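# Structural overview for review
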Amino acid sequence: MSLTPIDFRPPDGSAHKVTTASLHELKVHHEPITCLTAYDYATARLVDEAGIDIVLVGDSLAQTMLGYENTLSVTVDEMLHHVKAVRRGVRNALLVADMPYGSYQANPLNAIENAFRFVKEGGAEAVKIEGGEKRADMIRQIIDAEIPVAGHIGLTPQSVNVMGGYKVQGKNLSGIEQLMRDAIALDRAGVACIYLEGIPREVAAMITAEVSTPTIGIGAGPECDGQVLVFHDIVNLTFGHAAKFVRQYADASALISNAVRSFRADVKSHQYPSDEESYHLPKETRAGLDTVLARKRAMGR
Ligand code: KIV
C-alpha cells in the first residue's frame, strides 16, 4: 500500500458528530439531511469527510459490491464485514447498518440478537429495518434494547418477490392509506428516521408533514426531510440501467476503465516503470558491485 492513513480533518473545520438527536434537530430547523451509502473504508472516508450526515451500509451492497442479483442473498456476516470497514472510515456521520433479509423477520429475539451484532461487532450506531406497521412491535423491542432503528417503507427491496418486482408504491388510495399507517406506526415506535423509497412525491410530502420523525427519501421527491442515494449510482459504478431518481455526479466507470487501460498499455509498451519509478542502489554499493562484476568478467566468468 502506498498511502499512510492521515488524521481526519474536515475541510472547513465545521464537522461535528451526527447523532439520532441531531437528525431531529435538522428536521425541526428545516435543514436537509444528507445520506449516502458506503461499503468500504476508502469511500466511507470520502463520504464522511465531505460532511454527509448519515453513512448507510445498505444491503444494496449485495448488488454493488458482491454482484448478487438482488438483496435477498446477502448474509449478516457479509454485511458485518463491510460495516466494520466503514466504521474505520467514518468519524462524524451517523453510521447506520442495514439488517439483511432473514435477519429480523423470524422473531423479535433473533432480530435483537442480530441487531446487537451490528452494534457490538460492527460499530453501527443504528440499524435499518424494512417494513412499517407489521414490524412496529419488533422495532420497539429493538429500541428497548438500546439500539436506535431507522425505518424503511414504500418500495422495500427485500419484499421484491411479494411486490412482484420493483414497483413504485402508494399509487392508489388504499396504498396511500397503508403507507400513512406504516409511517405513523414507525413514528410512534420511536424510530430515528424513516427512509421513504419509491413513492409518489405527494405521498412523501404528506408523510413528512404528518410525522415528527425525519424522513429520508430515495425516489420520493423533494419534500422529504433528507435525501439518500446509493454511492455507486452517483458515480456511475453500477453497470445497469439507472432509476429515474438517480443523479450521476461523476463517471467513475470511465475514470477507472481509462486508468486500467493506460496501465496495461504502459506495461505492454515498456513505458512503466520508468527509471524515476525504480529504486536504486546506494552509490558505494553500486561501485562495489561494479568492481565485483568487472573482476568476474576479467576472470572469464
Ligand atoms: O440498501 C440500500 O442502499 C438502501 C437505501 C437505498 C435506502 O436501503
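About the criteria used
Residues numbered from 1 in each chain as written. Predicted model: local features only at pLDDT ≥ 70, side-chain atom pairs only at ≥ 80, totals over all residues. Heavy atoms only, no water. Pairing = 2+ DSSP bridges. Helix = DSSP H or I, 4+ residues; strand = E, 2+ residues; numbered from the N terminus. Axes fitted to C-alpha atoms, helices over the stretch in contact; angles between N-to-C directions. Domains from an automatic or database assignment. Expected span 1.5 Å × (residues − 1). Buried < 20%, exposed > 50% of the residue type's maximum accessible area, 1.4 Å probe, protein only. Arc of directions from axis to C-beta. Near = heavy atom within 4 Å. Polar contact = N/O pair within 3.5 Å; in protein donor to acceptor, adjacent residues only side chain to side chain. Areas by Shrake-Rupley, 256 points an atom, 1.4 Å probe, with all protein chains shown as cover. Nonpolar A, V, L, I, M, F, W, Y, C, P; charged D, E, K, R; others polar. Phe/Tyr/Trp six-rings, centres within 6.5 Å; stacked < 30°, edge-to-face > 60°. Lys NZ or Arg CZ within 6 Å of the ring centre and 35° of its normal. Patch = residues over 30% accessible without salt bridge, like charges linked within 9 Å, V, L, I, M, F, W, Y side chains within 5 Å. Salt bridge = Lys/Arg side-chain N within 4 Å of Asp/Glu carboxyl O. Core = buried A, V, L, I, M, F, W, Y, C linked by side-chain atoms within 4.5 Å. Contact = heavy atoms within 4.5 Å. Parallel < 35°, antiparallel > 145°, perpendicular 65-115°, else oblique. Left-handed = near helix turned anticlockwise from the far one by under 90°. Lys, Arg positive; Asp, Glu negative; His and termini not counted. Charge placed at Lys NZ, Arg CZ, Asp CG, Glu CD. Disulfide = S-S within 2.5 Å.

Reading around the circumference, β1-β2-β3-β4-β5-β6-β7-β8 is the order of the eight strands in this closed barrel, with parallel pairing throughout. The average undirected angle you get between the axes of adjacent strands in this sheet is 25 degrees. When strand β4 (residues 126-130) meets strand β5 (residues 149-154), the two strands line up parallel, connected through four bridges. Bridge assignment links E130 to a residue of β5, and that residue is H152.

What follows deals with the domain arrangement of the protein chain. Each assigned domain of the protein chain is listed with its residue range as follows: domain 1 (20-251) and domain 2 (255-298). Between domain 1 and domain 2, the C-alpha centre-to-centre distance is 50 Å.

A separate point is helix α5 (residues 108-120). With 13 residues, α5 extends 18 Å from end C-alpha to end C-alpha; this agrees with the ideal 18 Å at 1.5 Å per step. Residues of α5 that are buried include every one of A111, I112, N114, A115 and F118, and no others. Take α5 and look down its axis: the buried residues cluster within an arc of 170 degrees, on one side only. The outward face of α5, more than 90 degrees from its buried face, is lined by the exposed residues L109 and K120.

In the vicinity of the ligand, the residues found are T37, L56, G58, D59, S60, D98, K128, H152, Y195, I218 and V230. In the environment of the ligand, an oxygen atom lies 3.0 Å from a nitrogen or oxygen atom belonging to the side chain of D59. A distance of 2.5 Å separates an oxygen atom of the ligand from a polar atom in the side chain of S60. Protein coverage of the free-state accessible area of the ligand, which is 260 Å², stands at 95%. For the shell around the ligand, the class distribution of residues is four nonpolar, four polar and three charged.

By the definition in use, this model includes one aromatic pair. Looking at K128, its charged tip hangs above the ring of Y195, at a distance of 5.6 Å from the centre.

Turning our eyes to something else, we now look at a nonpolar patch on the surface. On the surface, L255, I256 and V260 cluster together into a nonpolar patch covering about 300 Å² of accessible area. Mapped onto the elements, V260 comes out in helix α11 (residues 252-268). According to the relative accessible area criterion, V260 is exposed, its value standing at 52%.

Here we come to the nonpolar core. Nonpolar side chains in soluble globular proteins tend to be buried together. Membership of the largest hydrophobic core comes to 74 residues, with the highest contact counts inside it found for I54, F118, I142, Y195, L196 and I207. A per-element tally of this core places helix α8 (residues 173-189) first, with six residues. In contact with I142, other than residues within four places in its own chain, are A111, I112, A115, I129, I147 and V149.

Right, let's talk about the pattern of salt bridges for a bit. Evaluation of the coordinates by the stated rule reveals twelve salt bridges. For E223, the salt bridge is made with R201, and the minimal N-O distance between the two is 2.8 Å. Pair noted here: E223 is in the loop between β7 (215-218) and β8 (226-229) and R201 is in helix α9 (residues 201-210), with a separation of 22 residues, a long-range link. R201 sits in the partly exposed class, given a relative accessible area of 44%. Ionic pairing is found between R286 and D290, a salt bridge with its closest N-O pair at 3.5 Å. Here R286 pairs with D290, and both are found in helix α12 (residues 283-298), just four residues apart, close to one helical turn. Through salt bridges with shared partners, one network takes in K17, R87 and E125.

Moving on to the packing of helix α2 (residues 41-49) against helix α4 (residues 76-89). The geometry of α2 relative to α4 is characterised by a closest axis approach of 7 Å and an angle of 40 degrees between their N-to-C directions. With respect to α4, the element α2 is oriented oblique. For α2 against α4, the interelement crossing comes out right-handed. Taking contact as the criterion, the partners of Y41, A44, R45 and D48 in α2 are, on α4, A85, V86, R88 and G89. Of the residues that constitute the contact of α2 with α4, the class distribution is four nonpolar, one polar and three charged.

Here we take up a negative patch on the surface. A cluster of acidic side chains, namely D266, D275, E276 and E277, defines a negative patch on the protein surface. Within the secondary structure layout, D275 lies in the loop between α11 and α12.

Here we come to the state of the cysteines. Applying the stated criterion across every chain yields a total of zero disulfides. Of all cysteine sulfurs, the one in C35 lies closest to C193, which takes part in no disulfide; the gap is 7.4 Å. Residue classification places C193 among the buried positions, given a relative accessible area of 1%. You can see C224 has no disulfide; the closest cysteine sulfur is in C193, sitting 12 Å from it.

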